[in-house]
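Reading the structure
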Amino acid sequence: MLAIIKFILVLITSVVVMGASVLYGFSGFFTPDNMDEMLIPDAASQFYDRNGNVIYTTMSEERRLPIPLDQIPKYTQQAFIAIEDNRFYEHGGIDYRGTLRALVSTLSGQEVQGGSTITQQLAKNAFLTQERSIGRKIKEAFIARDLEEKYTKDEIIAMYLNRIYFGQGAYGIESASMYYFDKHAKDLTLAESATLAAIPKSPNYYNPFENPKESKERQELVLDQMAKYGFISEADADKAKAEKLAYSKSSSQNSSPLSYFFDTIIQKVIDELGADALYKGGLKIYTSIDMDMQKAAEACLQYLPDYYTDSEGLTQPQMALVAVDPHTGFIRAMIGGRGQDKFNRATMAVRQPGSSFKPFVYLTAMQNGLTPASIVEDKEEEFAPGWKPQNSDRRWHGKVSLRTALAYSINVPAIKVAREAGVDNIVDLAEKMGISTLVSSGKYSDANLAMALGGLSKGVNPVEMAAAYAVLASNGIYHKPISVMKILDRDGKVLYEQEPTSKRVVDAGAAYMTVSMMEDVLKIGTGRGMGIGRPAAGKTGTTDTYVDAWFVGFTPDLCTAVWIGDDSNKPMDRMYGSNEPLTIWHNFMENALASTPASDFINPGVTIPKEPVIQQDDPKKNDDKDPKKEEDKKEDQPDTTDKDATKNKNKDKDVKKDKNDDKVNVKKDKEQEKTKEKQKKETKSAKAKSSSSGSTSSDSGSKSNRSTVKERVQEVTGDKPTVSNKPKSSEKPVISNKPTPSK
């Protein structure tokens, strides 16, 4: 409240001073003598890696192509006026009514446009710095008043449209038109004009290449404003909203995967200091990137399969990789896609996590007194009307320890543990660990049991998943991800600096016990055989119908999240978290840490209980259901019989089938006598069922067991597996009996 009162007093004082200047003609006192010629000198800004090496330099000159007003369509001019300054033709440079209205809108949380007029924005961009102070605001008002005295409204709007910043180094309407639509401004349509008018408020956030959804929403707001103020009809607005925009293909492409990281830095610098400071200020920007790790990340793109090219010319699926230092939060490597566009999937994509969300469930349980040796019974249960979730192998395993349940990503125990730990507690803990995309209340709250299997209303993004798992690596300490460490001006003055911040969000003992369980994922569980020769832990994640695949894992020195998915949410070709995501993580971590001495996770003083000896209620019934004895047919189980095969660029289907057959044959050799006895007793129908659960018979040919698993799911559900376990209504936690595949 004090801040609001202070803001109101400052605003009133400013209005009084500006009013006095208008009345007494003092504006010229603040106006530069060389107004017509004054230019802010250009100087390129440079980016440095963590070792102080220059890795990128911005362009030294603006992309500015000035054009006369008669080459800018009238509706293009009106689009900017409608959204930026609807009383442009009525005020004298300072819109007192608009300023007060903006204040009220800001305080009520319903701001539509800023308080600065187009003339004030021109004054700021042409003659002032991006300094955020009341003194600069007053100077801006005086200069705006003088501009109105010397120039006509048409001259002012022309200067404004030729100077305003549109992102990606593009200044002025002609440059922006060429950059985004590959056409001259005179040829812009109403829909394209509204899209460009949406950008200046936040050039990176409303960039249609980087944030298409937000860009579209603001474009429609511009059109609504134009209709509201009578510039166009409602019918014209609706027609423009429905128009499919054709963006420039060349402008939307990055030259390399590293460009995603640079785009993230550029947005941060502009948010802090403004576009002019970046492109004309000669800044020295020190980043957290480790170029050796970045190169290792980019090399892993070779393991990403090529399925098809979509309508936007992008190869699908795409991927994201984020590596952070658990001790500082510094981002050491980042891949936001294949380098074919400007959409950074590492920071902007929000996708379903599948079973990679399960560690938050078990961690909460550890904080509430359970241990890795605690026992939970895996058997069928109806958790809500119509919801009887299944395990990925379509079997029940009886009593299992939490360690076993997490290592093998068994679904039903995770739900039971979530119920005991409390869904609200799990969501709260995940948010404390940096997951900002959860819905904690309301109709679409994630505080329900479907969350235990990764069924979320929105999802998660890779950079936050990496930072959250890093909390485990650091024994419960959260560090906010950092990409920019320091920014200096051309004279060496520090303009911005961000030191690592730490906050304990998880009990150290609970974190260590959870790490201990997650180590078994790579030793005996869904990621077994993919260790990296040093202490490491992680979790696979696969969503229903193979829409998203994850592996998030860490050592004491580095935490890395890998996601693979189709931008259009189309199912992938049986892509599991234990396939390419784990392969990419494995190869990246081996190379990224090649020069880092191995270290172990630090035990804060807890005793990890031994695995319990579990006597099942019906030994004969459950003896062959021990997940440790099953034949590699869980959904998240990778192919590990040929270690070198993980380094092949693309594994075609025939190679996958051969590997699965080899694995089954090895298992058969070990249990030959048992298999023969079963084959004598089982009927043909029983043989078909056994092939889908892992005991592939000789007449099954080269068809993989994972294929038959999908068929069995369809038999049970009567349809294709659903996209997620998120309920359609608050009454049903999930929308089908199909479990989220192991992650």
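Residues numbered from 1 in each chain as written. Predicted model: local features only at pLDDT ≥ 70, side-chain atom pairs only at ≥ 80, totals over all residues. Heavy atoms only, no water.

1. Overview of the packing of helix H8 (residues 190-197) against helix H9 (residues 212-228)
As a reminder, the rule being used: Fitting a line to C-alpha atoms yields each axis, with helices limited to the stretch in contact; the angle taken between N-to-C directions then spans 0 to 180 degrees. By the criteria applied, helices consist of DSSP H or I runs no shorter than four residues and strands consist of E runs no shorter than two, each listed in order from the N terminus. In these notes the angle categories are as follows: under 35 degrees is roughly parallel, over 145 is roughly antiparallel, 65 to 115 is roughly perpendicular, and the rest is oblique. Whether a crossing is left-handed or right-handed is set by the direction in which the near helix is turned from the far one by less than a right angle, anticlockwise for left-handed and clockwise for right-handed. Here a residue-residue contact requires only that any non-hydrogen atoms of the pair lie within 4.5 Å. Only Asp, Glu, Lys and Arg are considered charged, only Ala, Val, Leu, Ile, Met, Phe, Trp, Tyr, Cys and Pro nonpolar, and every remaining residue, Gly among them, polar.
In contact at an axis separation of 8 Å, H8 and H9 are set at 110° when each is read in the N-to-C sense. For the element pair H8 / H9, the angle class is roughly perpendicular. Two packed elements cross with a definite hand, and for H8 against H9 that hand is right-handed. Every residue of H9 that contacts H8 at Leu190, Ala191, Ala194, Thr195 and Ala197 is listed here: Ser215, Gln219, Val222, Leu223 and Met226. When grouped by side-chain class, the residues that make up the contact of H8 with H9 number seven nonpolar, three polar and no charged.

2. Let's talk about the pattern of salt bridges
Pairing between side chains of opposite charge can happen when their charged atoms approach one another. Counted only if it meets this: The working definition used for a salt bridge is a side-chain nitrogen of Lys or Arg within 4 Å of a carboxyl oxygen of Asp or Glu. Each residue gets one of three labels from its accessible area relative to the maximum for its type: buried under 20%, exposed over 50%, partly exposed in between, using a 1.4 Å probe on protein chains only.
Considering all chains together, one arrives at 21 salt bridges under this definition. Among the salt bridges present, the one from aspartate 263 reaches lysine 342, with a minimum N-O distance of 3.3 Å. Of the two residues, aspartate 263 is situated in helix H11 (residues 258-273) and lysine 342 in the loop between strand S9 (331-335) and helix H14 (358-367); the sequence distance between them amounts to 79 residues. Between glutamate 381 and arginine 419 there is a salt bridge, and its shortest N-O distance comes to 2.7 Å. Taken together, the positions of glutamate 381 in the loop between strand S10 (375-378) and strand S11 (398-401) and arginine 419 in helix H16 (residues 411-421) put the pair 38 residues apart, joining distant regions of the chain. Looking at glutamate 381, the relative accessible area reads 22%, which means it is partly exposed. Judged by relative accessible area, which is 43%, arginine 419 ranks as partly exposed. Overlapping salt bridges bring together Asp341, Arg345 and Asp567 as one network.

3. Remarks on the packing of aromatic side chains
Where we set the bar: Centre distance within 6.5 Å is the pairing criterion for rings of Phe, Tyr and Trp, where only the six-membered ring of Trp is used; planes under 30 degrees apart are then read as stacked, over 60 as edge-to-face, and the remainder as tilted. For a lysine, the NZ atom is tested; for an arginine, the CZ atom; a charge sits over a ring if that atom is within 6 Å of the ring centre and within 35 degrees of the ring normal.
Scanning the entire structure with this criterion turns up 23 aromatic pairs. Seen from their ring centres, tyrosine 165 and tyrosine 171 are 4.8 Å apart, and the 50° between their planes marks the pair as tilted. Relative accessible area serves as the criterion here: at 8%, tyrosine 165 is assigned to the buried category. For tyrosine 171, a relative accessible area of 1% gives the class buried. The rings of Tyr179, Tyr180, Phe181, Phe209 and Tyr247 are connected pair by pair, giving a single aromatic cluster. One Lys or Arg, arginine 218, reaches over the ring of tyrosine 206 and ends 5.2 Å from the middle of that ring. Positioned above the aromatic ring of tyrosine 286 is the side chain of lysine 486, whose terminal nitrogen or guanidinium carbon lies 5.6 Å from the ring centre.

4. Some details on helix H7 (residues 173-181)
Burial of H7 is extensive: eight of the nine residues sit out of reach of the surface. For H7, the set of buried residues is Ile173, Glu174, Ser175, Ala176, Ser177, Tyr179, Tyr180 and Phe181. Of the residues flanking the end of H7, it is aspartate 182, one or two places downstream, whose phi is positive at about 55°.

5. Quick notes on the nonpolar core
For clarity, the threshold we go by: Nine residue types can take part in a nonpolar core, namely buried Ala, Val, Leu, Ile, Met, Phe, Trp, Tyr and Cys, and a core is a set of them joined through side-chain atoms within 4.5 Å.
Grouped together as the largest cluster of nonpolar side chains are 93 residues, with contacts concentrated most on Ile285, Phe360, Tyr362, Met433, Met465 and Phe554. When residues of this core are assigned to their parent elements, the largest contribution, 10 residues, is made by helix H18 (residues 462-473). Excluding residues within four positions of it along the chain, methionine 433 makes contact with Phe360, Leu363, Ala467, Ala468, Val471, Leu472, Tyr478, Val505 and Val506. Membership of the second largest hydrophobic core comes to 45 residues, among which are Ala79, Ala123, Ala191 and Phe209.

6. Here we look at unusual backbone geometry
Proline 317 follows glutamine 316 through a cis peptide bond whose omega is 5°. By the secondary structure assignment, proline 317 is in the loop between strand S7 (315-316) and strand S8 (318-324). With phi around 60°, threonine 545 is a residue other than glycine that occupies positive phi space. Within the secondary structure layout, threonine 545 lies in the loop between strand S16 (537-542) and strand S17 (548-554). The buried category is assigned to threonine 545, whose relative accessible area is 15%. Phi at asparagine 569 is positive, roughly 60°, even though this residue is not glycine. Note that asparagine 569 resides in the loop between strand S18 (559-565) and helix H20 (580-592).

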